[in-house]
Amino acid sequence: MQTKLDCFLAEIDPSRTIDPVRRCVDEAADRFRKPWALAPDRHSFRDFLTKLFVHMECAALCTRPDREPHPTMDWTRCCNLLKGRYGPEAGYVATQRALHGHDGGLTGVIRDLASAMAEEYAQNEINAKVAHFWNRLTVDEKLEVSKEYVRKFGHLLGGDLTEGGAARLRAYFSKFLEQHSRLILNMRRLG
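All figures in this text were calculated on a predicted structure; none of them were measured in a lab.

**Q** Teacher, can you tell me more about the overall build of the protein chain here?
**A** Looking only at helices and strands, the protein chain features eleven helices and zero strands. For the protein chain, the α and β elements follow one another from N to C terminus as α-α-α-α-α-α-α-α-α-α-α. Along the three orthogonal principal directions, the C-alpha set of the protein chain runs to about 60 × 35 × 30 Å. Sorting the 191 residues of the protein chain into buried and exposed places 42% on the buried side. Counting only carbon and sulfur atoms, one obtains 54% of the accessible surface of the protein chain, whose full area is about 10,700 Å². Treating the 29 positive side-chain charges of the protein chain as one cloud and the 26 negative ones as another, the clouds have centres 0 Å apart.

As structure tokens, this is what we get:
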């Protein structure tokens, strides 16, 4: 018999959360026409990437038709997504790559933006589902669900998290649940 935890973990499985968002964003990026191999200047690149960002976001959020891009706001949001890959000067780094063809050039920037967007939007969905699941449980159910999780997945987490009754994991269990899909995805990649 499946427990509440089993049903919930099936709901946030990467095949139902991460993979569909990644597929949707990648398809939107592939559909968007790339006008040049190397960006001719930074203004053209910024305009292109902002439009692409809005197009991919509308696809990820299932909003049709695409909304009109806001040049400043959407460029800033785009750069914030890329900071995880390019550092604090993401806008500058992306522009230089697109202008000069370094590290995959424009195609590499598009791929990195699509990947960052897919990760963030999938994680937002997972976090919302975890909050909904967690907030509907009673205190006793929360304790039981966290114990069950340690029994079933503790071997994947490492001794520092599971020693001594897994107090740290159980105290912050909803945060660990938010990362469960990534854990499973990584395990599947490893084989």
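**Q** Looking at this model, I keep getting lost on the packing of helix H7 (residues 139-157) against helix H11 (residues 180-190). Mind explaining?
**A** Working note: a packed helix pair is described by the angle between its axes plus the distance between those axes. Two numbers describe how H7 lies on H11: the axes approach to 12 Å, and their chain directions differ by 55°. Between H7 and H11, the crossing angle belongs to the class labelled oblique. Of the two elements, H7 crosses H11, and the hand of that crossing is left-handed. Side by side, H7 and H11 meet where Tyr149, Phe153, Leu156 and Leu157 of the first sit next to His180, Leu183, Ile184 and Met187 of the second. Within the contact of H7 with H11, the residues separate by chemical class into seven nonpolar, one polar and no charged.

**Q** Would you mind showing me how to read the pattern of salt bridges here?
**A** Oppositely charged side chains can form a pair if their charged atoms are brought close together. Scanning all chains against the criterion turns up 15 salt bridges. Between Asp13 and Arg188 there is a salt bridge, and its shortest N-O distance comes to 2.6 Å. Of this pair, Asp13 sits in the loop between helix H1 (4-11) and helix H2 (18-31) while Arg188 sits in helix H11; the two residues are 175 residues apart in sequence, bridging distant segments of the chain. Here Glu57 ties to Arg77 by a salt bridge, and the two come within 2.3 Å at their closest N and O atoms. Placement of the pair is Glu57 in helix H3 (residues 42-60) and Arg77 in helix H4 (residues 71-86), with a sequence separation of 20 residues. A single salt-bridge network, built from bridges that share partners, covers Glu57, Arg67, Asp74 and Arg77.

**Q** Help me out: how do you make sense of H2 in this one?
**A** Counting along an α-helix, one turn takes 3.6 residues, and residues three or four places apart therefore face a common direction. With 14 residues, H2 should reach 20 Å at 1.5 Å per residue; the first-to-last C-alpha distance of 20 Å fits that figure. Ile18, Val21, Val25, Ala28 and Ala29 are the residues of H2 that are buried. Summarising the axial view, the buried residues of H2 lie within an arc of 110°, below the 170-degree limit, and thus occupy one face. Buried residues in H2 make contact with H3, helix H6 (105-136) and H11.

**Q** Explain the packing of aromatic side chains to me, please; I cannot follow it from the model alone.
**A** The geometry of an aromatic ring pair comes down to the distance between the two centres and the angle between the two planes. Under the counting rule described, the total for this entry stands at seven aromatic pairs. Judged by centre distance (6.2 Å) and plane angle (85°), the ring pair of Phe45 and Trp75 falls under edge-to-face. Taken together, the residues span a long stretch of sequence, with Phe45 in helix H3 and Trp75 in helix H4 at a distance of 30 residues. Residue classification places Phe45 among the buried residues on the basis of a relative accessible area of 0%. Judged by relative accessible area, Trp75 falls into the buried class, the value being 11%. Through pairs of rings, three or more aromatic residues link up here, namely Trp134, Tyr149, Phe153 and Phe173.

Parameters and conventions
Position labels on residues start from 1 in each chain and follow its written sequence. Reporting in this predicted model follows two pLDDT cut-offs: at least 70 for local features of residues, and 80 or more for side-chain atom pairs to be given and counted; totals over whole chains, interfaces and linings ignore these cut-offs and use all residues. Heavy atoms from the whole structure form the basis of all side-chain values; hydrogens and water molecules are not counted. Numbering of helices and strands runs from the N terminus, with a helix taken as a DSSP run of H or I at least four residues long and a strand as a DSSP run of E at least two residues long. Three exposure classes are used, based on accessible area relative to the maximum for each residue type with a 1.4 Å probe and protein chains only: buried under 20%, partly exposed in between, and exposed over 50%. Shrake-Rupley sampling with a 1.4 Å probe provides the accessible areas, and residues are treated as covered by the protein chains on show and by no other component. Counted as positive: Lys and Arg. Counted as negative: Asp and Glu. His and the chain ends are not counted at all. Charge positions are represented by NZ for Lys, CZ for Arg, CG for Asp and CD for Glu. Between N-to-C directions, angles cover 0 to 180 degrees, with each direction set by a line fitted to C-alpha atoms, over the stretch in contact for helices. Note on angle classes: values under 35 degrees are labelled roughly parallel, values over 145 roughly antiparallel, values of 65 to 115 roughly perpendicular, and the remainder oblique. Two helices cross in a left-handed way if the nearer one is turned anticlockwise from the farther one by less than a right angle. They cross in a right-handed way if the turn is clockwise. Every residue pair with non-hydrogen atoms within 4.5 Å of one another is taken to be in contact. Classification convention: Asp, Glu, Lys, Arg as charged; Ala, Val, Leu, Ile, Met, Phe, Trp, Tyr, Cys, Pro as nonpolar; all other residues, Gly among them, as polar. One side-chain nitrogen of Lys or Arg within 4 Å of one carboxyl oxygen of Asp or Glu is enough to make a salt bridge. Expected helix span is computed as 1.5 Å times (number of residues minus one). Regarding the arc, it is the one traced by the directions from the helix axis to the C-beta atoms. In this analysis, rings of Phe, Tyr and Trp, with Trp reduced to its six-membered ring, are considered paired at centre separations within 6.5 Å, and the interplanar angle assigns stacked below 30 degrees, edge-to-face beyond 60, and tilted for intermediate values.

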